[in-house]
Amino acid sequence: MTDSGDYVYDEATGEWLSPEEAAAGAEASQVVVRDAVGNTLADGDSVTLIKDLAVKGAGQTLKRGTVIKSIRLTGDDQEIDCRHPIIKGLVLRAEFVRKV
């Protein structure tokens with residue numbers, strides 16, 4: 001019988017997996033976020049807006065060509081979390097940005 005420390009419990013399936021199976025499952029479950037032209041985005045990337053966006057709740061419009069630095073992926077394949085000097089807690093759709 002194998003020591004239970006060698007296995008990893010997968011909460012999604014309710015099964016015990018070997019370390020190899022757990023690593024393969026983690027790689028497969030990673031969300032790939034792509035910008036408007038198909039480039040893969042990663043945490044820390046800089047992006048440019050490809051169209052003017054009216055920001056709900058802020059009463060402002062972010063203009064086309066605005067550079068957003070240090071984005072963070074949210075786990076959703078279409079949303080990115082970012083900071084802007086004027087607007088805090090900004091979440092953008094990946095379809096409206098292009099990687100710089």
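Residues numbered from 1 in each chain as written. Predicted model: local features only at pLDDT ≥ 70, side-chain atom pairs only at ≥ 80, totals over all residues. Heavy atoms only, no water.

## Describing the overall build of the protein chain
Helices and strands together make up the secondary structure of the protein chain, namely one helix and twelve strands. Ordered by position in the sequence, the α and β elements of the protein chain form the string β-β-α-β-β-β-β-β-β-β-β-β-β. Whereas a compact globule of 100 residues would reach a radius of gyration of roughly 13 Å, the protein chain reaches 19 Å, over 25% beyond that. When the backbone C-alpha atoms are referred to their principal axes, the protein chain occupies close to 65 × 25 × 20 Å. The buried share of the protein chain, taken over its 100 residues, is 24%. Accessible surface, the protein chain as shown: approximately 7000 Å² in total, 49% of it carbon and sulfur. The centroid of the 12 positive side-chain charges in the protein chain is displaced by 21 Å from the centroid of its 17 negative side-chain charges. (Helix = DSSP H or I, 4+ residues; strand = E, 2+ residues; numbered from the N terminus. Rg over C-alpha atoms; globule rule 2.2 N^0.38 Å. Buried < 20%, exposed > 50% of the residue type's maximum accessible area, 1.4 Å probe, protein only. Areas by Shrake-Rupley, 256 points an atom, 1.4 Å probe, with all protein chains shown as cover. Lys, Arg positive; Asp, Glu negative; His and termini not counted. Charge placed at Lys NZ, Arg CZ, Asp CG, Glu CD.)

## Concerning the pattern of salt bridges
One pass over the full model with this rule turns up three salt bridges. Asp45 is the salt-bridge partner of Lys99, the closest N and O atoms lying 3.5 Å from each other. Of this pair, Lys99 sits in strand β12 (residues 97–99) while Asp45 sits in the loop between β4 (40–41) and β5 (47–49), and the two are 54 residues apart along the sequence. Residue class for Lys99 comes out partly exposed when judged on its relative accessible area of 30%. Classification of Asp45 by relative accessible area gives buried; the value is 15%. Between Arg72 and Asp81 there is a salt bridge, with its nearest N and O atoms 2.6 Å apart. When its relative accessible area of 34% is taken as the criterion, Arg72 is described as partly exposed. (Salt bridge = Lys/Arg side-chain N within 4 Å of Asp/Glu carboxyl O.)

## Focus: the side chain of Asp81
Mapping Asp81 onto the fold places it in strand β10 (residues 79–82). Here Arg72 takes part through its side chain, which lies 2.6 Å from a polar atom of the side chain of Asp81. The residues touching Asp81, leaving out its near neighbours within four places in the chain, are Ile71, Arg72, Thr74, Leu90 and Val91. (Polar contact = N/O pair within 3.5 Å; in protein donor to acceptor, adjacent residues only side chain to side chain. Contact = heavy atoms within 4.5 Å.)

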